[in-house]
Amino acid sequence: LSTVEDFLVHDVHKLVASAEQLSNSDGLKQGINQLLSIVETCHQPWMNGLVLLEDREQNKHCLSTGCKSLDVLLQGGLREGHVTELVGPSSSGKTQVCFQVASNVAMKLGGVVYLDSGNSFSPTRIKQIVTRISGSAENQVNGILQQALRNIECHAVFDIYALLNVLHQLQLNLESQAGYKVRLIIIDSISSLIAPILGGNNAQGHALMVSVGYLLKKLADRQNIAVVVSNLIFYSCW
Amino acid sequence: MARAWINANESAKQMLSRVLKERPLLHLPPPLHRIPLGVNSILEIAGPSPSAKTEILLQVAVNCILPKNRNGVQYGGLEHSVLFLDLDCRLDIYRLSQLLKLRITDANTLHKTEGSSNQPECDETYVFNECMRRFLYTRCYDSFEFLSALKVLNHKLTSNSVHILMIDNIGAFHSIDRGFSSLPQGNPSRKNIGAQSVFETVVQEIKKLLELHSMIVLATKTVTYQVKSSYSTRVSGGLKSTYREYMPLTWQSFVTRRILVRPLDDKRKFGDRVCYSAEWLLPALSITDEFAVCDTGILDSLRV
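Residues numbered from 1 in each chain as written. Chains lettered and ligands numbered in written order. Predicted model: local features only at pLDDT ≥ 70, side-chain atom pairs only at ≥ 80, totals over all residues. Heavy atoms only, no water.

*Asks:* Explain the sheet that holds strand β7 (residues 182-188) of chain A to me, please; I cannot follow it from the model alone.
*Replies:* Sheet strands line up and pair through hydrogen bonds in the backbone, either parallel or antiparallel. Residues and elements named next belong to chain A. Strand order in the open sheet made by the five strands is β4-β8-β7-β5-β6, with parallel pairing throughout. Pairing within the sheet leaves two strands with one partner each, and these edge strands are β4 (83-88) and β6 (152-156). Mean inter-strand twist for the sheet, computed between neighbouring axes without regard to direction, equals 15°. Examined bridge by bridge, β7 and strand β8 (residues 226-232) share four bridges and lie parallel to one another. For I187, the partnering residue across the bridge sits in β8 and is V229. (Pairing = 2+ DSSP bridges. Helix = DSSP H or I, 4+ residues; strand = E, 2+ residues; numbered from the N terminus. Axes fitted to C-alpha atoms, helices over the stretch in contact; angles between N-to-C directions.)

Encoded structure:
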């Protein structure tokens, strides 16, 4: 047995049974107990329903999108800890919704990470939206606009590996830097990153897609972030 | 001496009554109601996504964590604890609490209308808290964590009561394990970590758990549909859609019961709600049940 993985795959009980047969097995037994306690830290702790509910109420708030009808549709807004998918055919307003949500959260709530796969991020458009939301005149909005734009971290990602890189780096930064806090992650659009790797007999493409999904869910749940991904679909005519 | 060994110990009838008393069968809510489950059963709920599989698990969970009765109010539960291993990582605990609250309120309203003494309101909160404490939950983000959780569970469970182990989406990490299996090691005595060995260990660990504790395992499995149209089906009219079985043989032969659920297009029976059909594959029954999901839980076609 050389790695923890090996330990997990092999049978502990046989090990314990064989340990009991040896006469000077105390050290081995201690070692096994220590290993078991390490293994216990390898997975998420068991929580009961009450603890989960409390966590949901205290940590997983709803982020308002800034648009009342969208908020009603989402039953309060974008919930932290969840991955929300915006689905629609081409030119149905997905990117505009992403801008709206990014502006609203950046102005009022905190940090936004915007991952742009199609070079569609436009600071001018953000300025227009921020001006409208704040309700002040165009020449007085500068302070609020500066703050909002400073809260939006925009990354251009053009393939799945770049996306995984950015997300892993984000995870590291959130875990190591105490003051760094992100409220919202937007990926526009995730379909253009995933579609090229799917298809054919290649199992890796599918595995990569599923890994991205899990990484997003992990970030959302453990760091209390709301994740929004936009996805392109085609309506069939028959 | 040899003759004594061959002589019968008890008749079949005596054995049946003894086994049923020691290991009572679990009667599950619809759509799982047709086949009662005994202890040490492994039930697999297969279906495409979405087909109310997690909803079925939550319904069973509510039935299990409710007490039989408290302060004279009949809740009709089983008072077992539920261990929920969320491999899909998408359970919303709010839905469980909603279902539980509605069940508790209904039971209390029924009790009050039957004219007994008035119960104070705080009882409902107390029962709710007690039930939620019986629901234990953890998430696993990859098969490594899944194996860790199973390995440690054996040492963690101490009580002698029956536990229900629920695994939401046993096939969750299958594509990851298949796509990224570790490189073959030079040393032949080390096991290769791939989908096959992960499931062999999973089955082994669950078997150990079943040996030491009374447990029933319910696992959901997401399947994809393949529409097979062969010449014979085209002649007979209609396409026969079957699902592709991707789990390794160790898991397939470990499962003792299997039910398939899928969404239906027909909305006539349940108003405007989405309908699902449930079909038992193991043991194979020819009856298909239909059900829908509403705010209060699962609606059977009999109860509508």
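Let us keep going from here.
*Asks:* Which parts of the structure should I look at to understand the pairing of β8(A)?
*Replies:* Remark: a regular strand shows side chains that alternate across the two faces of the sheet. All names here are of chain A. Counting buried residues in β8 gives six out of seven residues, a clear majority hidden from the surface. Bridge analysis of β4 against β8 gives six bridges, and the strand direction is parallel. Of the residues in β8, the one forming a bridge with G88 is L232. (Buried < 20%, exposed > 50% of the residue type's maximum accessible area, 1.4 Å probe, protein only.)

*Asks:* What's the story with the confidence of the model for chain B in this structure? I'm lost.
*Replies:* Parts of the model with low pLDDT should not have their predicted coordinates read in detail. All names here are of chain B. Put simply, chain B has an average pLDDT of 78, and 81% of its residues get 70 or more. Helix α9 (residues 231-236) is the least confidently modelled element of chain B, averaging 51 in pLDDT, while strand β4 (residues 81-86) averages 91, the highest of any element. Here residues 236-240 is modelled with pLDDT under 50, and outside its nearest four sequence neighbours on either side it reaches seven contacts, counting other chains as well. Quick note on the complex model: pTM equals 0.83, ipTM equals 0.81. (pLDDT = per-residue confidence, 0-100. Contact = heavy atoms within 4.5 Å.)

*Asks:* I would appreciate a short explanation of the pattern of salt bridges in the present structure.
*Replies:* Two side chains carrying opposite charge are able to pair once their charged atoms lie near each other. For the structure shown, the criterion picks out 14 salt bridges over all chains. When the shortest N-O distance is used, the salt bridge between K151(B) and E205(B) registers 3.0 Å. Within this pair, whereas K151(B) is found in helix α6 (residues 143-156), its partner E205(B) is found in helix α8 (residues 195-212), the two being separated by 54 residues in sequence. Of the two residues examined, K151(B) and E205(B), each falls in the buried class. As a salt-bridge pair, K221(B) and E245(B) come within 2.7 Å of each other at their nearest N and O atoms. Here K221(B), found in strand β7 (residues 215-222), pairs with E245(B), found in the loop between β9 (240-243) and α10 (249-254); they are 24 residues apart in sequence, far enough to count as distant. The partly exposed category is assigned to E245(B), whose relative accessible area is 27%. Among the charged side chains, a salt-bridge network with shared partners connects D55(A), K60(A), D221(A) and R139(B). (Salt bridge = Lys/Arg side-chain N within 4 Å of Asp/Glu carboxyl O.)

*Asks:* What's the story with helix α4 (residues 49-59) of chain A in this structure? I'm lost.
*Replies:* One full turn of an α-helix is made of 3.6 residues, so residues set three or four places apart face in the same direction. All names here are of chain A. Looking at α4, one finds that the buried residues are G49, L52, L53 and R56. Here the buried residues of α4 occupy an arc of 100° about the axis, which is enough to place them on one side. Its side-chain oxygen at 2.9 Å from the backbone nitrogen of L50, N48 defines the N-terminal cap of α4. (Arc of directions from axis to C-beta. Polar contact = N/O pair within 3.5 Å; in protein donor to acceptor, adjacent residues only side chain to side chain.)

*Asks:* How should the interface of chain A and chain B be read in this particular structure?
*Replies:* Many structure descriptions define interface size as the accessible area lost when the parts assemble. With 40 residues of chain A in contact, the opposing surface of chain B contributes 48 residues. Counting each side, the surface lost to burial between chain A and chain B is near 4,200 Å², with a carbon and sulfur contribution of 66%. At the boundary of chain A with chain B, the tally comes to two salt bridges. Across the pair R139(B) and D221(A) runs a salt bridge whose closest N-O atoms are separated by 3.5 Å. Listed by contribution, the elements that provide at least two residues to the side of chain A that touches chain B are α1 (4-9), α2 (12-21), α3 (26-42), β1 (47-48), α4 and α11 (203-222) of chain A. The leading source of residues in the side of chain A that touches chain B is α11(A), at 12 residues. Among the residues making up the side of chain A that touches chain B, the classes are represented as 19 nonpolar, 12 polar and nine charged. One ladder, built from two bridges, connects β1(A) with strand β5 (residues 135-139) of chain B; its direction is antiparallel. Considered in β5(B), the bridge of N48(A) is made with L136(B). (Buried area = accessible area lost by both parts, 1.4 Å probe. Nonpolar A, V, L, I, M, F, W, Y, C, P; charged D, E, K, R; others polar.)

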